[in-house]
Amino acid sequence: MILHGYFIRKFLGLFFGLLLLFFLFQTLIDLVEMVRRFQGVEVPFSGLVTLSLLNVPQGLYQIVPLVMIMSTVALFLGLARSSELVVVRATGRSALRALIAPASMGFLIGVMLVALFNPIVAATSKRFHDLSQELRDGSVDVLSLSAEGLWLRQGGAEGQTVIRAATTNPDATVLYDVTFLSYAPQGGPLKRVEAAEARLLPGAWELTDATVWPLSSGVNPEGNVARHLTLRISSTLTQERILESFGAPSAISVWDLPAFIKQLDQAGFSTRRHAVWLQMELAQPLFLLAMVLVGAAFTMRHGRGGGTGMAVLSSILLGFGLYYIRNFAQVLGENGQIPVMLAAWAPPTASVLLAWGLLLHMEDG
């Protein structure tokens, strides 16, 4: 246990040290990008720093597999140079048993990332999207799902409009059993519109079988009700903006994703993208374990054996290859080319088996 604790301390020190370096480097890059993106917009420097810090966690979360494999490579190269692996083998312990501690920590870090860091990334990503849109045009289009259906909010020079629909088509261009509540720029209600169907056109909603109740002060709504076979209401929304209002699946906490997927399905939207992301997050610890095994497969050897540079390069390239295969499988799963479970779990499982095979070959020939 003392030896395992020693390996764990060295591994965690390397992992969090590399993570800190990437954090500082990415913060600087994001700050330069924010300055470029908001050029010509009156945004204080503190606001740009805030945006950069909100965007950094998402970037760090995406490169954790790279940090994991680099930490493993650095760990075993250091142990090889100091001949500590030779000493471990001389005591009668196999190198594979020395791998238990860093492999267990890699898996545990993956569990902690999904359980604790994922909700933080989701919250900061959503706040970054809302704040950047607010700084850019001064308004935020809001979309939410609940048991009552789909809720939208659109803004413009004429005021705010709240939209509720029971269901929608998968691409969010047609709303069914829909209600529009329009408010004046000062905040007072103007009218209420109910329709059987609302179709999104460029710059407007086209309502079918609509009923309009005026809500202005001093007007009897029931006495002045109007019915229209078709009615157009101006809109600043587009299909892209509605779908973007959901945010990427990464902007939703893994703890909230199951309920969100259920609400998404009830509202009529396609849930495949979010289902794939949920399963990939659950498979993240297994993939990080594979990265530890891949890094160890090429570097768990004596430092004087030669070819260290090629071994490091091979491990990094294989790690990148497995990472992009995983992303490719995610795209195939989101497009419906392969089943959701296969897209999420096949790459990390195959990566673990491949890395384990390499380890056995390197150790036992």
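Everything quoted here is computed from the prediction, not taken from an experiment.

**Student:** In this structure, what is going on with the pairing of strand 5 (residues 189-201)? I would like to understand it.
**Tutor:** Looking down a regular strand, the side chains alternate between one sheet face and the other. Pairing analysis gives nine bridges linking strand 4 (residues 174-183) to strand 5, with the strands arranged antiparallel. The residue of strand 5 that forms the bridge with Leu181 is Arg192. Once strand 4 ends, the chain turns through five residues before running back antiparallel as strand 5, passing Gly187 with a positive phi of about 110°. Of the pairings in the sheet, the one linking strand 5 to strand 6 (residues 204-214) comprises ten bridges and is antiparallel in character.

**Student:** So what exactly am I meant to see when it comes to a nonpolar patch on the surface here?
**Tutor:** Together, Phe107, Leu108, Val111, Met112 and Leu116 make up a nonpolar patch on the protein surface, roughly 430 Å² of accessible area in all. In this structure, Leu116 sits in helix 6 (residues 100-137).

**Student:** It is not clear to me how the environment of Ala275 should be interpreted in this structure. Could you clarify?
**Tutor:** Considering the arrangement of structural elements, one finds Ala275 in helix 9 (residues 272-282). Taking C-alpha positions, Ala275 is 9.3 Å from Gly333, a pair spaced 58 residues apart along the chain. Once you skip the residues sitting within four places of it in the chain, Ala275 turns out to touch Ile261 and Val340.

**Student:** Hey, could you run me through the pattern of salt bridges in this one?
**Tutor:** One side chain can pair with another of opposite charge once the charged atoms of both are near each other. Within this structure, the stated rule accounts for five salt bridges. Here Glu33 and Arg36 are joined by a salt bridge, their closest N and O atoms 2.6 Å apart. Of this pair, Glu33 and Arg36 both sit in helix 1 (residues 2-37), separated by three residues, roughly a single helical turn. Overall, Glu33 belongs to the partly exposed group, its relative accessible area being 26%. A relative accessible area of 52% places Arg36 in the exposed class. The partner of Arg199 in a salt bridge is Glu197, with the nearest N and O atoms 3.3 Å apart. Given the relative accessible area of 36%, Arg199 is considered partly exposed.

Conventions and cut-offs
Residues numbered from 1 in each chain as written. Predicted model: local features only at pLDDT ≥ 70, side-chain atom pairs only at ≥ 80, totals over all residues. Heavy atoms only, no water. Pairing = 2+ DSSP bridges. Helix = DSSP H or I, 4+ residues; strand = E, 2+ residues; numbered from the N terminus. Patch = residues over 30% accessible without salt bridge, like charges linked within 9 Å, V, L, I, M, F, W, Y side chains within 5 Å. Areas by Shrake-Rupley, 256 points an atom, 1.4 Å probe, with all protein chains shown as cover. Salt bridge = Lys/Arg side-chain N within 4 Å of Asp/Glu carboxyl O. Contact = heavy atoms within 4.5 Å. Buried < 20%, exposed > 50% of the residue type's maximum accessible area, 1.4 Å probe, protein only.

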